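# Summary of the model geometry
Listed below, chain by chain, are the residues.
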Amino acid sequence: MKIIIFCGGSGTRMWPMSRDKYPKQFQPLIGEKTLFRQTIERIIKGYPVKDIYISTAEEYAKNIQSEAPEIPKENFILEPDKRDTLACVGYAVSILHEKFPGCIIGSMWSDHYIRNEEELLRALKAGEKIVQNEDVIVNIDARPTFPNVSLGYMEMGKMLKEVDGFSVFQFVRQIEKPDLQKAKQFVRNYRFLWHTGFKVFKSTLMLNLYKQHAPEVYQTLQEILVHKGKKDYIAKEYNTIPKMSVDFAIYEKLESGKIVEIPADLGFSDVGLWSVLKDELAENGRALVVKGENYDIGSIDCLIYELNKNKIVATIGCENLVIVDTPDALLVCSKFKSQEVKKVVEKLKSEGKEEYL
C-alpha cells in the first residue's frame, strides 16, 4: 500500500500561529514537534519510507524537506497552486496511479493529533485487506467525544463483518459540519462517527468516482498527465479546477455500497480550533493550558500561548479565554468564539495586510 499524506492546508482558524508560510501543520502546537513531524514518525512505524508520499503546495517543499529528510524528494507531489481538496486529492491519486496502476492507497491529513498510533496502523492494514478483495473505500473514523461543529460526521448502518479485530459497518451517509444542535444529537447516537479523513482505496476506484461525479476535473487531470513536464501548461490547467472540497464534490454523493466504515479508538483530535486544542491538552475541563511563561491569579478554562522566551503573560480572574501572543500579533478571544478567528484572517486579507498573514 502507498501512503499519501496531504499537507497543503492553510489553517486560518489557528491564526496567529498558523500563517501562510508556516501553517499549523508546521507548528509545534502539541508537544515540541510539529503536527506534520508527528504524522511522519507515526506512519514510518508501519510503512517503509519509499511507500510514503507527501502531497503539498510547491511553496511548502522546503518545509517538507526540513521536517521529513528521510522521505525521498521524488515522493513529493507538488501542487501547482492551492485549489482545495478536490484538486489535490485527484492530482495525487492520478500521479500515483500512473506510477503504480491500480495501487492501493491509504490517505490522511498532516495536521491531526492521534494518541493511539498503533490502533491507526492496525486499522490501515485492516482497510488494505478489505480493499484487496472489494471495490470500496474504507473510512477509518473515530467516536465523537464532544459536539464538534468543525468536523463532518459519518452515519453507520448494520455491521457487515469483522476484519483483524475491527468491526466493519455499512456506510449510510456523510454530513458535513452540522450545527451545534445536530452535533449534540450525533454525539449521543452510537451510529455517528467523526470523519477523520483516514481512507483506504484503490486508485482505479477513486479515479472512476472522479470520472462519474466530477468529469471535467477528471478530464483536466488526464490532460495534465499527458503534458507532464510542461510546468506552465500544468499550472494553467490546474487553476481551472474549481476550489471545492472532495467531500462535497464526491464523497457526499456516494451510495452506501461504495464505502464501508471502521470505527477505531484513535484518540483523535482535529486541531482546527484553539478551543479544540485547549480541551485536548487540558488535564481537566476547567484547567488552564499554558505554553510559555504565565503568572496567574484565579483564572479558569483558558489557553495561553506565549512564544517569546523573554516575555511573560500575567492573567487575573480570566475565564474561557484564548490568548495567543506571537512576535507580530496578539489574539484574545472567547474560547466559545474561536471558530471566528478565520474572519480576522479574511479581514486582514481584504485590507491588504499581507505581512500579518
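What counts and what doesn't
- Residues numbered from 1 in each chain as written.
- Predicted model: local features only at pLDDT ≥ 70, side-chain atom pairs only at ≥ 80, totals over all residues.
- Heavy atoms only, no water.
- Helix = DSSP H or I, 4+ residues; strand = E, 2+ residues; numbered from the N terminus.
- Rg over C-alpha atoms; globule rule 2.2 N^0.38 Å.
- Buried < 20%, exposed > 50% of the residue type's maximum accessible area, 1.4 Å probe, protein only.
- Contact = heavy atoms within 4.5 Å.
- Areas by Shrake-Rupley, 256 points an atom, 1.4 Å probe, with all protein chains shown as cover.
- Lys, Arg positive; Asp, Glu negative; His and termini not counted.
- Charge placed at Lys NZ, Arg CZ, Asp CG, Glu CD.
- Pairing = 2+ DSSP bridges.
- Axes fitted to C-alpha atoms, helices over the stretch in contact; angles between N-to-C directions.
- Patch = residues over 30% accessible without salt bridge, like charges linked within 9 Å, V, L, I, M, F, W, Y side chains within 5 Å.
- Salt bridge = Lys/Arg side-chain N within 4 Å of Asp/Glu carboxyl O.
- Phe/Tyr/Trp six-rings, centres within 6.5 Å; stacked < 30°, edge-to-face > 60°.
- Lys NZ or Arg CZ within 6 Å of the ring centre and 35° of its normal.
- Core = buried A, V, L, I, M, F, W, Y, C linked by side-chain atoms within 4.5 Å.
- Parallel < 35°, antiparallel > 145°, perpendicular 65-115°, else oblique.
- Nonpolar A, V, L, I, M, F, W, Y, C, P; charged D, E, K, R; others polar.
- Right-handed = clockwise from strand over helix to strand, strands pointing away.

Turning next to the overall build of the protein. Each helix and strand in the protein was counted, giving 11 helices and 17 strands. For 357 residues, the compact-globule estimate of 2.2 N^0.38 gives 21 Å, and the protein sits close to it at 21 Å. Considering only C-alpha atoms, the protein reaches an extent of 60 × 50 × 35 Å along its principal axes. A buried classification covers 54% of the 357 residues belonging to the protein. Look at the contacts in the protein between residues 6 or more apart in sequence, and 68% of them connect residues 24 or more apart. Accessible surface computed for the protein: about 16,200 Å², of which carbon and sulfur atoms make up 51%. Charge separation in the protein, taken as the distance between the mean sites of 50 positive and 51 negative side-chain charges, equals 2 Å.

Let us now look at the environment of I224. Following the sequence through the fold, I224 ends up in helix α7 (residues 215–226). For I224, a relative accessible area of 3% gives the class buried. A sequence separation of 120 residues divides I224 from V344, and the C-alpha atoms of the two residues are 36 Å apart. When sequence neighbours within four positions are dropped, the list of residues in contact with I224 reads Y91, I234, E237 and Y238.

This part covers the sheet that holds strand β14 (residues 303–306). Taking strand neighbours across the sheet as the criterion, the 4 strands line up as β12-β14-β16-β17 in an open arrangement whose pairing is mixed. With one partner strand each, in any of the chains shown, β12 (289–291) and β17 (329–334) form the two edges of the open sheet. If you compare each strand with its neighbour and ignore which way they point, the axes differ by 5° on average. In this structure, β14 lies alongside strand β16 (residues 321–326), joined through 4 bridges in parallel fashion.

Side chains of D20, E59, D81, E354 and E355 sit close together on the surface and give a patch of like negative charge. If you trace the backbone, E355 turns up in the segment after α11 (341–350). A relative accessible area of 54% places E355 in the exposed class.

What follows covers the packing of aromatic side chains. For the structure on display, the rule yields 11 aromatic pairs. Ring geometry for W274 and Y305: centres 5.5 Å apart, planes at 65°, overall edge-to-face. Taken together, the residues W274 in helix α10 (residues 274–281) and Y305 in strand β14 connect sequence positions 31 residues apart. Y305 shares its class with W274; the two are buried. An aromatic cluster of at least three residues, connected via ring pairs, comprises F146, W194, F198 and F268. In this structure, K125 is placed above the aromatic ring of Y47, and the distance from its NZ or CZ to the ring centre is 4.1 Å. Sitting above the plane of the Y251 ring, K199 keeps its charged end 4.2 Å from the centroid.

What follows covers the pattern of salt bridges. In total, this model carries 25 salt bridges according to the counting rule given. Between D328 and R19 there is a salt bridge, and its shortest N-O distance comes to 2.7 Å. Of the two residues, D328 is situated in the loop between β16 and β17 and R19 in the loop between β1 (2–6) and α1 (35–43); the sequence distance between them amounts to 309 residues. Its relative accessible area of 36% is what places D328 among the partly exposed residues. Across the pair K33 and E41 runs a salt bridge, and its minimum N-O distance is 3.0 Å.

Moving on, we get to the nonpolar core. Within soluble globular proteins, side chains that are nonpolar tend to cluster in buried spots. The biggest cluster of nonpolar side chains holds 48 residues, and the ones touching the most others in it are I5, F36, I43, I54, L124, V138 and I140. Residues I4, I77, C88 and I241 belong to the second largest nonpolar core, which totals 39 residues.

On to the packing of helix α6 (residues 203–213) against α7, then. Packing of α6 against α7 brings their axes to within 5 Å, and their N-to-C directions diverge by 125°. What the angle tells us is that α6 and α7 run oblique. Across from L207, Y210, K211, Q212 and H213 in α6, the residues of α7 making contact are P215, V217, Y218 and L221. Class assignment for the residues of the contact of α6 with α7 results in 6 nonpolar, 2 polar and 1 charged.

Turning next to the pairing of β1. Of all 5 residues that make up β1, 5 are buried, and the element is covered over most of its length. The side-chain alternation of β1 yields two buried faces, one formed by K2, I4 and F6 and the other by I3 and I5. With 4 bridges connecting them, β1 and strand β2 (residues 52–57) associate as parallel partners. By the bridge assignment, I5 is partnered in β2 with I54. You can see the chain leave β1, run along α1 and come back into β2, and the turn it takes is right-handed.

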